[in-house]
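Architecture and fold: a report
Next come the chains, spelled out residue by residue.
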Amino acid sequence: MTHKIFIDGAAGTTGLEIAERLAGRSEFTLVTLDDTQRKDAAARREALNDADVAILCLPDEAAREAVALIDPASGTRVIDASSAHRTADGWCYGFPELIGGERVADARRISNPGCYPTGFLGLLAPLVKADLLPAAWPYTVHAVSGYSGGGKALIERFETGKAPAFRGYGLAMGHKHLGEMQTHAGLAHAPVFSPAVVDAFRGMVVEIPLQLSAIEGAGEAAALLEALEAFYDGSQVVSVHPDFDLPSELLLQPDANPRDDLQLFVFGSEDGTQARLIAMLDNLGKGASGAAVQNLNLLCGLPETAGLHLPSA
Ligand SMILES: NC(=O)C1=CN([C@@H]2O[C@H](COP(=O)(O)OP(=O)(O)OC[C@H]3O[C@@H](n4cnc5c(N)ncnc54)[C@H](OP(=O)(O)O)[C@@H]3O)[C@@H](O)[C@H]2O)C=CC1
Ligand SMILES: CC(=O)N[C@@H](CCC(=O)OP(=O)(O)O)C(=O)O
């Protein structure tokens, strides 16, 4: 049996990378609309309702529009890569490592996590759940992303004209990922979030610095690491770096290849008073297209990591 997949937004950055991961997979028939039809509501309605799974790679407003075009009786299941439905009722938050792959497999509406929240939640959610870090603490998160994280518009800005080496943003303190980070980590407060873009196409580093000595009830760095190792034990997608082999620097390469894994690190000071929780991922991989393909595999009852770019063990 082949599954009919419609990518709405297939000409965009995320859509193209999903198509690349699905290319050559005989389990899927891929439907896309040509340039004259890809923004035509009638053509989209037909393709959306005709698909077994629709993957939305659109700006938020267009993603909401796409969902409204789907007749519930059509049976089309949806994976939305946008941030339109990440805390919405009736939507499954498509982070299988956190919620369990079976919940994704059973869902009809799946919202892919945002790229920054994938790093933030991948680090923090298991530790809060294990009571090693308190839900009531006001966390801070710093991050840098490759410029493809901003889609076609930011790619054009960085690739034509003079690209900045560093672009800090989110300075109005209202980044759209805050609600998603707070909700899915079960936090009392939204984190203070300082995102930035660097002059590399893909890749990101997401960091939660912790003054452990000031946080009542916090575990030591070694305990945080041990809990993450236990939580992700057996995962083919999320790896927790061992403390006996920690790198002395973390590098994003401007010409990095696509990858769909998530790497987690816990750095601790010698006196045990401070820690830096750090996640590295490809914003277009586990942060977007790789996550969509992982969720698609689960939805279709296929091996979870088929078609993913994972570093060989
Ligand atoms: N890039 C990333 O790293 C990540 C992106 N996402 C999310 O995924 C979604 C897609 O992002 P990305 O691929 O980066 O964005 P892009 O801007 O690269 O692509 C978006 C695509 O949607 C098309 N589009 C816009 N409006 C409509 C419409 N009404 N009907 C049909 N097509 C439409 C655009 O057309 P046109 O080509 O004409 O502009 C474009 O091809 C966004 O919601 C983004 O926030 C999520 C995680 C990470
Ligand atoms: C570098 C950059 O601009 N990144 C995007 C987030 C990319 C992402 O995760 O997409 P969603 O919009 O679907 O959450 C931003 O900060 O808005």
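A quick note: this is a predicted structure, and the numbers were derived from the prediction, not measured.

**Describing the overall build of the protein**
When helices and strands are counted, the protein shows 10 helices and 13 strands. The C-alpha atoms of the protein give 19 Å as radius of gyration, which agrees with the globular expectation for 313 residues (20 Å, within 12%). Principal-axis analysis of the C-alpha atoms gives the protein an extent of 60 × 45 × 40 Å. Going through the 313 residues of the protein one by one, you find that 52% of them count as buried.

**Concerning the sheet that holds strand 11 (residues 238-240)**
Read from one edge to the other, the open sheet built from 7 strands follows the order 8-9-7-10-13-12-11, with strand pairing classed as mixed. In this open sheet, the two strands that pair with only one neighbour each are strand 8 (166-168) and strand 11. The mean inter-strand angle of the sheet, taken between neighbouring strand axes irrespective of direction, is 20°. Judged from the 7 bridges that link them, strand 10 (residues 204-210) and strand 13 (residues 275-281) form a sheet pairing that is antiparallel. Residue pairing for strand 13: Ile-208 is matched across the bridge by Leu-277.

**Details of the pattern of salt bridges**
Once their charged atoms are close, side chains differing in charge can pair, the charge on each being opposite to the other. Counted by the stated rule, this structure contains 15 salt bridges. Arg-64 is the salt-bridge partner of Glu-61, the closest N and O atoms lying 3.1 Å from each other. Here the residue Glu-61 and the residue Arg-64 both occupy positions in helix 3 (residues 60-69), the gap between them amounting to 3 residues, near one helical turn. Classification of Glu-61 as exposed rests on a relative accessible area of 54%. Of the residues examined, Arg-64 reaches a relative accessible area of 37% and is grouped as partly exposed. Several salt bridges converge on common partners, so that one network encompasses Glu-17, Glu-20, Arg-21, Arg-202, Asp-260 and Asp-282.

**Examining a negative patch on the surface**
On the surface, a cluster of negative charge is contributed by Glu-226, Glu-229, Asp-233 and Asp-243. Relative to the assigned elements, Asp-243 resides in the loop between strand 11 and strand 12 (262-268). According to the relative accessible area criterion, Asp-243 is partly exposed, its value standing at 49%.

**Here's the deal with the side chain of Thr-76**
Structurally, Thr-76 is set in the loop between helix 3 and strand 4 (77-80). A distance of 3.1 Å separates polar atoms of two side chains, one belonging to Thr-76 and the other to Ser-74. Setting aside anything within four residues of it in sequence, one finds Thr-76 in contact with Leu-48, Asn-49, Asp-50, Ala-51, Asp-52, Val-53, Ala-54, Ile-70 and Arg-109.

**Describing the site of ligand 1**
Taken together, 25 residues surround ligand 1, and among them Thr-13, Thr-14, Lys-39, Leu-58 and Lys-152 come closest. At 2.6 Å, a side-chain N or O of Thr-13 approaches an oxygen atom of ligand 1. A distance of 2.7 Å is found between an oxygen atom of ligand 1 and a side-chain nitrogen or oxygen belonging to Lys-39. For ligand 1, whose free accessible area comes to 900 Å², the fraction covered by protein is 82%. Elements with a minimum of two residues in the shell around ligand 1: helix 1 (13-22), helix 3, helix 7 (151-159) and helix 10 (285-299). For the shell around ligand 1, the residue count by class is 8 nonpolar, 9 polar and 8 charged. A domain-level breakdown of the shell around ligand 1 finds at least three residues from each of domain 1 (3-113 + 288-299) and domain 2 (115-283).

**What about the UniProt feature "active site" (unreviewed entry) in the protein?**
UniProt tags Cys-115 as "active site" (unreviewed entry). As for its placement among the helices and strands, Cys-115 is situated in helix 6 (residues 115-129). In this structure, Cys-115 is in contact with His-177, Met-204, Leu-281, Asn-283 and Gly-287, ignoring residues within four places of it in sequence.

**Some words on the site of ligand 2**
Taken together, 15 residues form the shell around ligand 2, and within it Arg-86, Cys-115, Tyr-169, Lys-176 and His-177 come nearest. Between Gly-149 and ligand 2, the recorded distance is 3.2 Å, taken from a backbone N or O atom to a nitrogen atom. A distance of 2.3 Å separates an oxygen atom of ligand 2 from a polar atom in the side chain of His-177. Among the detected pockets, ligand 2 sits in the largest pocket. Of the residues that constitute the shell around ligand 2, the class distribution is 5 nonpolar, 8 polar and 2 charged. Taken domain by domain, the shell around ligand 2 gets at least three of its residues from each of domain 1 (3-113 + 288-299) and domain 2 (115-283).

About the thresholds
Residues numbered from 1 in each chain as written. Chains lettered and ligands numbered in written order. Predicted model: local features only at pLDDT ≥ 70, side-chain atom pairs only at ≥ 80, totals over all residues. Heavy atoms only, no water. Helix = DSSP H or I, 4+ residues; strand = E, 2+ residues; numbered from the N terminus. Rg over C-alpha atoms; globule rule 2.2 N^0.38 Å. Buried < 20%, exposed > 50% of the residue type's maximum accessible area, 1.4 Å probe, protein only. Pairing = 2+ DSSP bridges. Axes fitted to C-alpha atoms, helices over the stretch in contact; angles between N-to-C directions. Salt bridge = Lys/Arg side-chain N within 4 Å of Asp/Glu carboxyl O. Patch = residues over 30% accessible without salt bridge, like charges linked within 9 Å, V, L, I, M, F, W, Y side chains within 5 Å. Areas by Shrake-Rupley, 256 points an atom, 1.4 Å probe, with all protein chains shown as cover. Lys, Arg positive; Asp, Glu negative; His and termini not counted. Charge placed at Lys NZ, Arg CZ, Asp CG, Glu CD. Polar contact = N/O pair within 3.5 Å; in protein donor to acceptor, adjacent residues only side chain to side chain. Contact = heavy atoms within 4.5 Å. Near = heavy atom within 4 Å. Nonpolar A, V, L, I, M, F, W, Y, C, P; charged D, E, K, R; others polar. Domains from an automatic or database assignment. UniProt positions renumbered as here; feature names shortened; annotations may be inferred. 1 Å grid on protein atoms, 1.4 Å probe; cavity = no way out; pocket = protein on both sides within 12 Å on 5 of 7 lines; lining within 4 Å. Sits in = over half its atoms within 2 Å of the grid points.

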